[in-house]
Amino acid sequence: EKNKGVKGRDLLSYLPRTFKAELSMEMLQNILAKSFFLKDATDNFVKEISNRLSLETYLPKDTLFVEGEPGNILFFVSAGAIDCFTSSSVKFRSIHSGNLVGEASFFLRETYLFTAVASDSCEIFELNFKDFWNEVLKNSMATTFLNYIRSETNLETLVKEKNDVEKMMKNLNSSKMARMMSTEEISAIPKGVILPDTALRFVWDFVAFISLLIYAIIIPYQLSFDSGTVGSLKFFCYLVLDIFFTI
């Protein structure tokens, strides 16, 4: 779930408008330089957009958006990292600070292609499409924006990003790829670790139960009837049980 603490929009609202824009532009300088449309827009328009940004803090495991939700928000990752998941909860990409999340969905006015979850504590600037479009209209840039997005080169950039993500997710959803990822996850488990809900764990628990049952019978018997002599076979059985419980 999203962090329910103090909202970044509330914090930034205390700053003078000009200072807020300059602060946002300074923090997002590298991201704005590669953001679709904004990188080619006028400085004045970018400054107005910067005033529309809200700074949000996400804690680890907080969800930014879920696959299929309308792409109404563009995320500028200022600090931290975002994990991207398929509808099957398979992680296929991590987006680190200095990058955008949801760019293709935002500008193509489509739904988000995947689910985005904060990998660690993140500081993210968010731009709502309603605020973006209001600034476009306010600056009489509607025609400019539509021509920009309809440009074959610019449109191809967004479509390629979308197609790359869809292709990657399609491959991940295949049974072969799922088995490969499952193998990778298992291979990363330290040696000697027995995972719950596995056949080996069931066998281990069963052997432990039988061993305890044997001890529960042998100890009273030895105290009451055993003569004290220990044969080779009995000694070996005791040794195996002692080693098992030592492990």
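Residues numbered from 1 in each chain as written. Predicted model: local features only at pLDDT ≥ 70, side-chain atom pairs only at ≥ 80, totals over all residues. Heavy atoms only, no water.

Thoughts on the overall build of the protein
- Per the secondary structure count, the protein includes eleven helices and eight strands.
- Looking at the protein as a whole, 32% of its 247 residues qualify as buried.
- Within the protein, contacts between residues separated by at least 24 positions form 77% of all contacts whose residues are at least 6 apart in sequence.
- In the form shown here, the protein has an accessible surface area of approximately 15400 Å², with 59% of it arising from carbon and sulfur atoms. (Helix = DSSP H or I, 4+ residues; strand = E, 2+ residues; numbered from the N terminus. Buried < 20%, exposed > 50% of the residue type's maximum accessible area, 1.4 Å probe, protein only. Contact = heavy atoms within 4.5 Å. Areas by Shrake-Rupley, 256 points an atom, 1.4 Å probe, with all protein chains shown as cover.)

Quick notes on helix α8 (residues 152-172)
- The terminal C-alpha atoms of α8, which comprises 21 residues, lie 30 Å apart, in line with the 30 Å expected from a rise of 1.5 Å per residue.
- Listing the buried residues of α8 in full gives Asn-154, Leu-158, Lys-162, Val-165, Met-169 and Leu-172. One side of α8 carries all its buried residues, which in axial view fall inside an arc of 90°. Turned more than 90 degrees away from the buried face of α8, the exposed residues are Glu-152, Thr-153, Glu-156, Lys-167 and Lys-170. (Expected span 1.5 Å × (residues − 1). Arc of directions from axis to C-beta.)

Quick look at the environment of Leu-74
- Tracing the chain through its elements places Leu-74 in strand β3 (residues 73-79).
- Of the residues examined, Leu-74 reaches a relative accessible area of 0% and is grouped as buried.
- Between the alpha carbons of Leu-74 and Ile-124 there is a distance of 9.8 Å; along the sequence they are 50 residues apart.

Some details on the sheet that holds strand β4 (residues 81-85)
- The strand order across the open sheet formed by four strands is β2-β7-β4-β5, and the pairing between neighbours is antiparallel. Strand pairing shows two members of the sheet lacking a second neighbour, β2 (63-65) and β5 (91-96), which therefore form its edges. Adjacent strand axes in the sheet meet at a mean angle of 30°, parallel and antiparallel pairs treated alike.
- Pairing geometry for β4 and β5, over five bridges, is antiparallel. Bridged to Ala-81 within β5 is His-96. (Pairing = 2+ DSSP bridges. Axes fitted to C-alpha atoms, helices over the stretch in contact; angles between N-to-C directions.)

What to know about the pattern of salt bridges
- In this structure the tally under the stated criterion is six salt bridges.
- Between Glu-48 and Lys-138 there is a salt bridge, with its nearest N and O atoms 3.7 Å apart. Of this pair, Glu-48 sits in helix α4 (residues 43-52) while Lys-138 sits in helix α6 (residues 129-138), and the two are 90 residues apart along the sequence.
- Take Lys-138: its relative accessible area is 55%, and that puts it in the exposed class.
- Its salt-bridge partner being Lys-160, residue Asp-164 comes within 3.0 Å of it at the nearest N-O pair. You can see Asp-164 and its partner Lys-160 sitting in helix α8, four residues apart, about one turn around the helix.
- Connected through shared salt-bridge partners, Arg-52, Asp-131 and Glu-135 make up one network. (Salt bridge = Lys/Arg side-chain N within 4 Å of Asp/Glu carboxyl O.)

Side note on the sheet that holds strand β6 (residues 99-101)
- If you trace the four strands from one edge of the open sheet to the other, you get β1-β8-β3-β6, paired in antiparallel fashion. The strands lining the two open edges of the sheet, one partner per strand, are β1 (54-58) and β6. This sheet shows a mean twist of 35° between the axes of neighbouring strands, independent of strand direction.
- Two elements, β1 and strand β8 (residues 122-128), share five bridges in a ladder whose sense is antiparallel. Across the sheet, residue Glu-56 finds its bridge partner in β8, namely Ile-124.

Quick notes on the confidence of the model for the protein
- Taken over all residues, the pLDDT of the protein has a mean of 80, while the share at 70 or more is 77%.
- Taken together, the stretch residues 1-6 has pLDDT below 50 and engages in twelve contacts with residues farther than four places along the chain or on a different chain.
- Confidence drops under a pLDDT of 50 for residues 182-187, and excluding neighbours within four residues, the segment shows zero contacts in the predicted structure. (pLDDT = per-residue confidence, 0-100.)

Section: the packing of α4 against α6
- Relative to each other, α4 and α6 sit at 150°, their axes nearing to 10 Å. Classified by chirality, the crossing of α6 by α4 is right-handed. Contacts from Phe-45, Glu-48, Ile-49 and Arg-52 of α4 reach α6 at Asp-131, Phe-132, Asn-134, Glu-135, Val-136 and Lys-138.
- Considered class by class, the residues forming the contact of α4 with α6 number four nonpolar, one polar and five charged. (Left-handed = near helix turned anticlockwise from the far one by under 90°. Nonpolar A, V, L, I, M, F, W, Y, C, P; charged D, E, K, R; others polar.)

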